Amino acid sequence: MRKRRVAVHEVLVDGQTIAPCVVEMVCPQFGSCPSKNQQPSEDGIVLDGEVVAYYPLTEELAMTEWLGGTIKIVPSSKGDVLLAIWDGNK
């Protein structure tokens, strides 16, 4: 498994906003996390991987990719994992 940590201007989750915010995702296979594998949806781009953590960005973190914009954290269609949908604004 591979971890991916991204930072954005704000995260929308469960009716609250966290700004700025870090989102950590676990990717199912090594190499499946890169930006080229992001899938479009009507709300934005679904980032690869399952959301395992999100928290306020309070200091610079090593190995963190700055995406900017907004991420919505939503349950998958099966409701078994959380997904990150990025609006694509940098």
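A brief report on the enclosed structure follows.

What counts and what doesn't
Residues numbered from 1 in each chain as written. Predicted model: local features only at pLDDT ≥ 70, side-chain atom pairs only at ≥ 80, totals over all residues. Heavy atoms only, no water. Helix = DSSP H or I, 4+ residues; strand = E, 2+ residues; numbered from the N terminus. Buried < 20%, exposed > 50% of the residue type's maximum accessible area, 1.4 Å probe, protein only. Areas by Shrake-Rupley, 256 points an atom, 1.4 Å probe, with all protein chains shown as cover. Pairing = 2+ DSSP bridges. Polar contact = N/O pair within 3.5 Å; in protein donor to acceptor, adjacent residues only side chain to side chain. Core = buried A, V, L, I, M, F, W, Y, C linked by side-chain atoms within 4.5 Å. Contact = heavy atoms within 4.5 Å.

On a plain count of helices and strands, the protein comes out with zero helices and 10 strands. Traced from its N-terminal end to its C-terminal end, the protein shows the element sequence β-β-β-β-β-β-β-β-β-β. Taken over 90 residues, the protein has a buried fraction of 36%. Summed over all atoms, the accessible surface of the protein reaches about 5,500 Å², with 51% contributed by carbon and sulfur.

Examined bridge by bridge, strand E2 (residues 10-13) and strand E9 (residues 70-75) share three bridges and lie parallel to one another. Residue pairing in the sheet places valine 11 in a bridge with isoleucine 71 of E9. Two strands pair when backbone bridges link them, and E9 and strand E10 (residues 82-86) are joined in this way by five bridges, in the antiparallel orientation. Considered in E10, the bridge of isoleucine 71 is made with tryptophan 86.

Now for the side chain of arginine 4. With respect to the element layout, arginine 4 can be found in strand E1 (residues 2-8). Since its relative accessible area comes to 7%, arginine 4 is described here as buried. A polar atom in the side chain of arginine 4 sits 3.0 Å from the side chain of glutamate 65.

Once that is clear, we can look at the pairing of E1. Where E1 lies against strand E4 (residues 21-27), seven bridges are found, and the strand directions are antiparallel. In the sheet register, arginine 4 faces E4, and the bridge partner there is methionine 25. Pairing of E1 with strand E8 (residues 65-66), which is carried by two bridges, proceeds in the parallel orientation. Residue pairing for E8: valine 6 is matched across the bridge by glutamate 65.

Of all hydrophobic cores here, the largest spans 15 residues; its most connected members are Val11, Val23, Met25, Leu47, Ile71 and Ile73. Of all elements in the fold, only E1, E2, E4, E9 and E10 reach the threshold of two or more residues within this core. Here this core takes three residues from E4, the largest share from any one element. Look past the residues within four positions of valine 11 in its chain and what remains in contact with it is Gln16, Thr17, Ile18, Cys21, Val23, Ile71 and Ile73.

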